[in-house]
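Survey of secondary and tertiary structure
The primary structure of each chain is shown beneath.
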Amino acid sequence: MTATPAWPPQSAPRLHVETQLGEAVVVPVDGNPAHYLISVMRVKEDDIVLLFDGRSGEWAARARDIRKRDLVLECISQTKAPEVVPDFWLCCAPIKKGRIDLIAEKACELGVARLQPVLTRRAVVDKLNFDRLHAHLVEAAEQCGRTALPDLVPMMKLDALLKNLPDNRWLFFADETGGQPLHATLTAHPGPAAMLIGPEGGFDPQEREAIRAHPRAVPLSLGPRILRAETAAIAATAAWMTINGDWK
Ligand code: SAH
């Protein structure tokens, strides 16, 4: 008996596109993505490529009209419904290039809904390259099977975050000077969440006071060691996903 080939083929490349996907939608591809498909992945006529646009789930598309630098992909069927994204915002102070890139990549893999950069007083970096961060989110989503990118929103000052935080959202605050025990505290606070992580230099005392005064703030401890900001962001996200997110 011959085995039925897996559908969609497990080896099919995955690509994020801007075009809204749907039945029979034809997506022209050129530039870097075309180079990746044609020269790196060696996609041939009629091969399957998996596409997602961040809104319409995932679609299997057939490769057509392959030329040296471009091709078209024609959607044939939906392979995944749009994902249900746990309502978790990762709010972190900007940190150095490389380390913030790591946060973007891991935030996407771990299932974060929104990546919210927050400017704090001791931040050593006050500008971020959003195009580069977006590219890291796209690459991580292509690799990990997500159909929606985390929403990358413009940088906000800490006081604006505190002022504008929706009433129904917990503001978990990773406090390196001592917060409440993580497991019990997250378990006691289900529902929409924002996780606030400080920069390399930590929060200054006034900031800590302002955060703690917020009615939805919940100070958290990430254990007895001082973690680097990127480790704290990744670990706190994983902990929330385990207890209140979609790892259950
Ligand atoms: N320079 C600071 C450490 C900053 S660590 C100091 O030496 O005190 C960067 C951020 O990671 C912190 O602001 C905090 O949000 C988080 N973090 C690191 N370790 C933590 C811990 N053990 N508990 C809670 N948050 C922690």
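Structural notes, computed from the coordinates.

Conventions and cut-offs
For every chain, the first residue of the written sequence is number 1, and numbering continues from 1 along that sequence. Under the rules for a predicted model, residues below a pLDDT of 70 receive no local features and side-chain atom pairs below 80 are neither given nor counted, while totals for whole chains, interfaces and linings still include all residues. By convention in this description, side-chain values take in all heavy atoms of the structure and omit both hydrogens and water. Helix axes use the C-alpha atoms of the stretch in contact, all axes being lines fitted to C-alpha atoms, and the angles between their N-to-C directions lie in the range 0 to 180 degrees. Helix and strand assignments follow DSSP, with helices taken as H or I runs no shorter than four residues and strands as E runs no shorter than two, numbered in order from the N terminus. Here is the rule for handedness: rotate from the far helix to the near one, and if that takes an anticlockwise turn smaller than a right angle the crossing is left-handed, while a clockwise turn gives right-handed. Note on contacts: a residue pair qualifies if any of its non-hydrogen atoms lie within 4.5 Å across the two residues. When residues are grouped by polarity, Ala, Val, Leu, Ile, Met, Phe, Trp, Tyr, Cys and Pro land in nonpolar, Asp, Glu, Lys and Arg in charged, and all others, Gly among them, in polar. Note on exposure labels: buried denotes an accessible area under 20% of the residue type's maximum, exposed denotes more than 50%, and partly exposed covers the range between, all computed with a 1.4 Å probe on protein chains only. Two strands are counted as paired when DSSP detects at least two bridges linking them. The criterion for an aromatic pair is that two Phe, Tyr or Trp rings (for Trp, the six-membered ring) have centres within 6.5 Å, with stacked assigned to planes under 30 degrees apart, edge-to-face to planes over 60 apart and tilted to the rest. For a Lys NZ or an Arg CZ to count as sitting over a ring, it must be within 6 Å of the ring centre and within 35 degrees of the ring normal.

Two numbers describe how helix α2 (residues 99–110) lies on helix α3 (residues 130–144): the axes approach to 8 Å, and their chain directions differ by 35°. α2 and α3 meet at a crossing whose hand is right-handed. In this structure, α2 uses I100, D101, A104, E105, C108 and E109 to contact α3, whose residues at the interface are R132, L133, H136, L137, A140, A141, Q143 and C144. Residues belonging to the contact of α2 with α3 are distributed by class as follows: eight nonpolar, two polar and four charged.

A few words now on the environment of P166. By the element assignment, P166 lies in the loop between α4 (158–164) and β10 (170–174). Separated by 26 residues in the primary sequence, P166 and P192 have C-alpha atoms spaced 9.5 Å apart.

The element strand β3 (residues 48–52) is largely enclosed, with a buried count of five among its five residues. Judged by which residues are buried, β3 turns out to be covered on both faces: I48, L50 and F52 on one side and V49 and L51 on the other are all buried. Two elements, strand β1 (residues 14–16) and β3, share three bridges in a ladder whose sense is parallel. Within the sheet, the bridge partner assigned to L15 lies in β3 and is L51. Note: β3 against strand β4 (residues 58–64), five bridges, orientation antiparallel. Each bridged residue has a counterpart across the sheet, and for F52 the counterpart in β4 is E58. What sits between β3 and β4 in their antiparallel hairpin is a turn of five residues, with G54 showing a positive phi close to 90°.

Looking now at the packing of aromatic side chains. In total, this model carries two aromatic pairs according to the counting rule given. Taking the centre distance of 5.2 Å and the plane angle of 70° together, the rings of F173 and F203 count as edge-to-face. Residue F173 is found in strand β10, and its partner F203 is found in the loop between β11 (193–197) and α6 (205–213); the two are separated by 30 residues along the sequence. Taking relative accessible area as the criterion, F203 reaches 1% and is therefore assigned buried. Over the ring of W89 we find R169, and its NZ or CZ is 3.7 Å from the ring centre. Here the basic side chain of R216 rests over the ring of W170, its NZ or CZ set 3.7 Å away from the ring centre.

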